[in-house]
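Structural characterization, general
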Amino acid sequence: MTTIQFSEIKAGAKIVTAQDVQIEMPSKPLRYYRHGWQSWSLAAWTDPVPLPIQKPAFFHAYQTDVVYAREPKPHGSWLGAVEFADGNILLLGALATDTHVFLLQDQLTGKSEAGAVEWFAAYGSESQVFDEYTHQLGIRFGVADKNYAPRVWCSWYSLYTTINETILHQTFDQLGDLPFDVLQVDDGWQQDIGDWQANEKFPSGMAALAEKIKSTGRRAGLWLAPLLVSNSSRLYRDHSDWLLRDEKGGFVSTGYNYWGHDLYALDATHPDAISWLVALLKQVRRWGFDYYKLDFLYAGAMKGGRYKDMPREAAYREALRVMREAMGEGAFFLTCGTPILPALGMCDAIRIGPDVSHEWENYRNECLLQNFSTPGTKNAIRTVVNRLWLKPLIHIDPDVEYFVARENTLEEKHKKQLQDLALICNFKATSDLPQWMTPQERENIRAFLTATPALSKLSRYAYKLDERIVDFSSAVELTKKPTGLAALFGEILGWLGNLKFFVRIIMLMDNASWRKRASRISK
């Protein structure tokens, strides 16, 4: 263990090379910055105490890093920071993948899973220490070309998996002259997770769908989850030797999602799996899609036995490099559900928060289950505003914005918060259907897509957009832990959430509600 004396960094930032490193703090901190592992994992300034382990544990695989999901000490992936009474910040951050930071009483401690790495330590104002850390990351990981920020219409948050050729064609036509650069087709087009060919809902095929999009004057975008493999897929049946294995020889679980099947992780170090990935992404480009939204990418960094023995996040970063190269010249690569640091320099954009939703917060998820990685607008805003320090390195995607009142329970002030956050991120997207837009809502979307406000930061959560001050403080505090009967009910729900049949029932209900929603499009 290498020790950095606080006196050494008080005068200036310090970089050391070590496997494990610790800094003794000069006084008790008031707040702790915990940084989640992947896009949907919580990032927030909280009290310097452990958080309840989020429930249900069944969801840990696709919401957090399962290696540390039950860690009792305050902790985070790659970096951690504390705030003192005078407002100054002490930050300890790795300049490498496969690292973790813990708050241990009066110490910040960093540990590497991959031997000796570089560690960055700094003390000063929040903007000073995060700006310098970002600068050092850029030197080592690279900085994305930020000359082009596409304005995106995405099918997911209106249609979910109920998309079909007819509905999408109607939607593309009715978007008219709204200034979108990309029309992106999301989940629901494929035969299975692992079998990336058009299903029966797209009889004309994917090349024809891309051509339809391009006929409107926009780029064609496509969603895939190429590092996930469903146990119902042909890929699973034919090539189970391409999957990650756990210590007992079983497949590494990556969750059980709304598709209704067990999901496993592709071993992207296996030569044949690499060849398959390259061929898949080249095929997508031949179809005519050059905007790639690759999702559930955390699967590539799960702990497990790989064909090539190497640190798990380093293996994932190499997989991103291979996939990026296969996409070809001029492609735009958005990563989602991705471990954050390994993706820097390997893609154009990173989703930096959980999915938004048509509701502000969900009592079951956020209060009873203490789960702040679930879809929800408050959850999304909280984590995104606490990751804005990444903006100099890469396009940061806060997820979509809402404008339409129909089929949406969000208050206007919460929709406005999403819209303002997108302006700050400079990444604009919506899933609102033109079929449901009023004339005024349509013009509001047009104004949003063309807006380029002057931006200045006033404080941790307050910004100035032109002459307006926007403040996200109402979204950042965590819902308090339940007590009494509510706590008991939360424990019961958490236990039920670990039962596959119960999760399956909830997912069937969600799928039914999506189908009903889609049936109302023409009404």
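What comes next concerns the included structure. This one's a predicted model, so the numbers in the text were calculated from it and none came from an experiment.

Our next topic: the sheet that holds strand 7 (residues 79–83). Across a sheet, strands are paired by hydrogen bonds formed along the backbone, either parallel or antiparallel in direction. Ordered in space as 2-11-8-7-4-5, the 6 strands form an open sheet in which the pairing is antiparallel. Two strands close off the open sheet at either side, each with one partner strand: strand 2 (14–18) and strand 5 (43–46). Put simply, the sheet's adjacent strands are angled 15 degrees from each other on average, direction ignored. Pairing of strand 4 (residues 31–35) with strand 7 involves 4 bridges; the strand directions are antiparallel. In the sheet register, Arg31 faces strand 7, and the bridge partner there is Glu83.

Of note, the amide linkage connecting Lys55 to Pro56 takes the cis form, showing an omega dihedral of -5 degrees. Following the sequence through the fold, Pro56 ends up in the loop between strand 5 and strand 6 (75–77). A positive phi angle is found at Asp98, which is not glycine, with a value near 60 degrees. Summarising the element assignment, Asp98 is placed in the loop between strand 8 (89–94) and strand 9 (99–104). Even without being a glycine, Gln370 presents a positive backbone phi close to 50 degrees. Inspection of the secondary structure puts Gln370 in the loop between helix 10 (363–368) and helix 11 (377–385).

Time to look at the layout of surface pockets. Its volume calculated, the largest pocket comes out at about 1,300 Å³. Lining the largest pocket are 46 residues, with Arg364, Asn365, Pro375, Asp510 and Trp514 positioned closest to its centre. Secondary structure elements with two or more residues in the lining of the largest pocket: helix 3 (156–159), helix 10, helix 15 (484–496) and helix 16 (500–519). It is helix 16 that provides the largest number of residues to the lining of the largest pocket, a total of 8 residues. Looking at the lining of the largest pocket, its residues break down into 20 nonpolar, 14 polar and 12 charged.

Cut-offs applied
Residues numbered from 1 in each chain as written. Predicted model: local features only at pLDDT ≥ 70, side-chain atom pairs only at ≥ 80, totals over all residues. Heavy atoms only, no water. Pairing = 2+ DSSP bridges. Helix = DSSP H or I, 4+ residues; strand = E, 2+ residues; numbered from the N terminus. Axes fitted to C-alpha atoms, helices over the stretch in contact; angles between N-to-C directions. 1 Å grid on protein atoms, 1.4 Å probe; cavity = no way out; pocket = protein on both sides within 12 Å on 5 of 7 lines; lining within 4 Å. Points joined across faces, edges and corners; volume = space filled by probe spheres on them. Nonpolar A, V, L, I, M, F, W, Y, C, P; charged D, E, K, R; others polar.

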